[in-house]
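Single-letter residue listing:
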Amino acid sequence: MSTPESATPEPAGRPRPRLVFDDPLDQQSSDDTDGGWGERPAGGGGAADLARFLDEKPPHHV
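A quick note: this is a predicted structure, and the numbers were derived from the prediction, not measured. (Residues numbered from 1 in each chain as written. Predicted model: local features only at pLDDT ≥ 70, side-chain atom pairs only at ≥ 80, totals over all residues. Heavy atoms only, no water.)

Student: Where do I start with the overall build of the protein in this structure?
Tutor: Scanning the protein from N- to C-terminus turns up one helix and zero strands. Looking at the protein as a whole, 0% of its 62 residues qualify as buried. Approximately 6,500 Å² of the protein is accessible, and the part contributed by carbon and sulfur atoms is 55%. (Helix = DSSP H or I, 4+ residues; strand = E, 2+ residues; numbered from the N terminus. Buried < 20%, exposed > 50% of the residue type's maximum accessible area, 1.4 Å probe, protein only. Areas by Shrake-Rupley, 256 points an atom, 1.4 Å probe, with all protein chains shown as cover.)

Student: For this particular structure, what's the right way to read a nonpolar patch on the surface?
Tutor: On the surface, a cluster of nonpolar side chains totalling about 310 Å² of accessible area is made up of Leu 50, Phe 53 and Leu 54. Position of Leu 50 relative to the elements: it lies in helix H1 (residues 45-56). Judged by its relative accessible area of 49%, Leu 50 is partly exposed. (Patch = residues over 30% accessible without salt bridge, like charges linked within 9 Å, V, L, I, M, F, W, Y side chains within 5 Å. Salt bridge = Lys/Arg side-chain N within 4 Å of Asp/Glu carboxyl O.)

Printed below as a string of C-alpha cells:
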C-alpha cells in the first residue's frame, strides 16, 4: 500500500513559514498614503497647470 501524500514529511532544507500574530491594522498600507492615487508633484508652473486642467477636464467640457 502507498502512503498518503499528507503523511510525507517536508524536506529538511526548506524552512517552515513563520506565523506572525501582529495586528495588521497597526501597519500602514499603500492605500493609506497619497502615493499611487494619481497625485502629481507640486509645482511646475503654468504649463503644468494647463496640462493638468486639460487632462482632468470632464468630457462635457470638450
